[in-house]
Amino acid sequence: MAINLLVVDDSKVMRAMVLKTMGMAEIPLSEVYEASNGQEGLDLLDNHWIDLAIVDINMPVMNGEELIDRMKENPETKDIPVVVISTEGSKARIERLQRKGATFIHKPFSAEAIRDTVKHVLKMEDRDDGKIE
Amino acid sequence: MTEKLNDVISRVVVDTFEKLAFMFAFPEEGKGTEPSGDLVRAGVSFLGPFSGQVVICISSVVLPELGANMLGMDDEAGVTLENQHDALKEAINVICGNLLPAIAGEEPVFNMDMPRILSLNDIPSGDHLARVRLEFDDGHCEVMVHLDGQIPEEITNQIAL
């Protein structure tokens, strides 16, 4: 199953890194949408089918936490899995994001962390050849 | 405390460059070499139980490799200056984000500003809490932690520095 992915991060380099790592982790991608802040992410969510959102927290215009709140308020986006990739080190903040339904990956991250997390949140299965579907 | 803090900074910086960009940095022995040649500076300000700025000063020759590795590009010559700066900002963002809990633990909450490229005049002139110098194959970097005040005693009592 190839997925439609939304990557929301104000750093173009970090968006590229996430996509590179998704490739290394052999996550099958269909459409990829990129946004540089939460508001752009919401606009893309309004107009496209998204299977998974990978979101940074510290962004201008609209941060990642507000984006998650807005997604959860909308019946059409509330069930889309959200993975937060951030440098956040505060236990209280990480737990608050997890209570909102997001899964947290700490930067710097490995391809294995991305692969395992995406597999888990999308309930993907391993194939015999080690790839996922 | 400063020596142990320098060890923590070195570990965070080495780990960040290795995991983020597959680049290997090595702490310089003794006082190390003052970074020279064309240098680029970036920094992140933070507010919390203690506040200040984490600054990196790095040889510009290192940046094309940093950008290319983070972007997954084979050709360093194709990495624009904007992407080189974006890569450096992301690196100092990750360094700062990992350094604060390494110093203060996971309980305190810090707010970090957006990372930005700095001019020489933007570098805080006061004393720094800590400074480490590391070398790459082709250049050097220096990472400094500047504080706007002192680390509160209740935190210095908690931290294992």
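Residues numbered from 1 in each chain as written. Chains lettered and ligands numbered in written order. Predicted model: local features only at pLDDT ≥ 70, side-chain atom pairs only at ≥ 80, totals over all residues.

A. Quick look at the overall build of chain B. Helix and strand content of chain B: four helices and seven strands. Mapped from its N terminus to its C terminus, chain B presents α and β elements in the order α-β-β-β-α-α-β-β-β-β-α. Counting every position in chain B, which comprises 161 residues, the buried fraction comes to 42%. A separation threshold of at least 6 residues defines the contact pool for chain B, and within that pool the share at least 24 residues apart is 69%. (Helix = DSSP H or I, 4+ residues; strand = E, 2+ residues; numbered from the N terminus. Buried ≥ 20, exposed ≤ 12 C-beta atoms within 10 Å, placed from the backbone. Contact = placed C-beta atoms within 7 Å.)

B. Layout of the packing of helix α2 (residues 38-47) of chain A against helix α3 (residues 64-73) of chain A. Residues and elements named next belong to chain A. Two elements in contact, α2 and α3, have axes whose closest approach is 9 Å; the angle formed by their N-to-C orientations is 30°. It follows from the interaxial angle that α2 and α3 lie roughly parallel. Handedness of the crossing formed by α2 with α3: right-handed. Here Gly 38, Gly 41, Leu 42 and Leu 45 of α2 lie close against α3, whose contacting residues are Gly 64, Glu 66, Leu 67, Arg 70 and Met 71. Residues of the contact of α2 with α3, tallied by class, amount to four nonpolar, three polar and two charged. (Axes fitted to C-alpha atoms, helices over the stretch in contact; angles between N-to-C directions. Parallel < 35°, antiparallel > 145°, perpendicular 65-115°, else oblique. Left-handed = near helix turned anticlockwise from the far one by under 90°. Nonpolar A, V, L, I, M, F, W, Y, C, P; charged D, E, K, R; others polar.)

C. Seen up close, the pairing of strand β3 (residues 52-55) of chain A. Residues and elements named next belong to chain A. Neither face of β3 is exposed, since Leu 52 and Ile 54 on one face and Ala 53 and Val 55 on the opposite face are all buried. One ladder, built from four bridges, connects strand β1 (residues 3-8) with β3; its direction is parallel. Bridged to Val 7 within β3 is Ile 54. Relative to strand β4 (residues 82-86), β3 is paired through three bridges, and the arrangement is parallel. Directly across from Ala 53, in β4, lies its bridge partner Val 82. (Pairing = 2+ DSSP bridges.)

D. Examining unusual backbone geometry more closely. For the peptide bond that leads from Lys 107 of chain A to Pro 108 of chain A, omega is -5°, which places it in the cis range. For Pro 108 of chain A, the location among the structural elements is in the loop between β5 (103-106) and α5 (111-122). Of note, the phi angle at Glu 26 of chain A is positive, near 60°, even though the residue is not glycine. In this structure, Glu 26 of chain A sits in the loop between α1 (12-24) and β2 (29-35). According to the C-beta neighbour criterion, Glu 26 of chain A is exposed, with 12 such atoms within 10 Å. At Phe 22 of chain B, a position not held by glycine, the phi torsion is positive, near 50°. Structurally, Phe 22 of chain B is set in the loop between α1 (2-21) and β1 (26-27). Classification of Phe 22 of chain B by C-beta neighbours within 10 Å gives exposed; the count is 11.

E. The arrangement of the pairing of β5 of chain A in detail. Here β4 of chain A pairs with β5 of chain A via four bridges, running parallel. Note that in β5 of chain A the partner of Ile 85 of chain A across the bridge is Ile 105 of chain A.

F. Representation of the packing of α1 of chain A against helix α2 (residues 63-71) of chain B in the model. For the pair α1 of chain A and α2 of chain B, the least separation of the axes is 7 Å and the interaxial angle reads 45°. Between α1 of chain A and α2 of chain B, the angle falls in the class oblique. Counted together, Val 13, Ala 16 and Met 17 of chain A of α1 of chain A and Gly 67, Met 70 and Leu 71 of chain B of α2 of chain B form the full contact between these two elements. For the contact of α1 of chain A with α2 of chain B, a count of residues per class yields five nonpolar, one polar and no charged.

G. Region of the structure containing α2 of chain B. Of all nine residues that make up α2 of chain B, eight are buried, and the element is covered over most of its length. Looking at the packing, one finds that the buried side of α2 of chain B touches α1 of chain A together with α1, β2 (39-47) and α3 (81-104) of chain B. Positive phi appears at Gly 72 of chain B, one or two residues downstream of α2 of chain B, with a value of about 75°.

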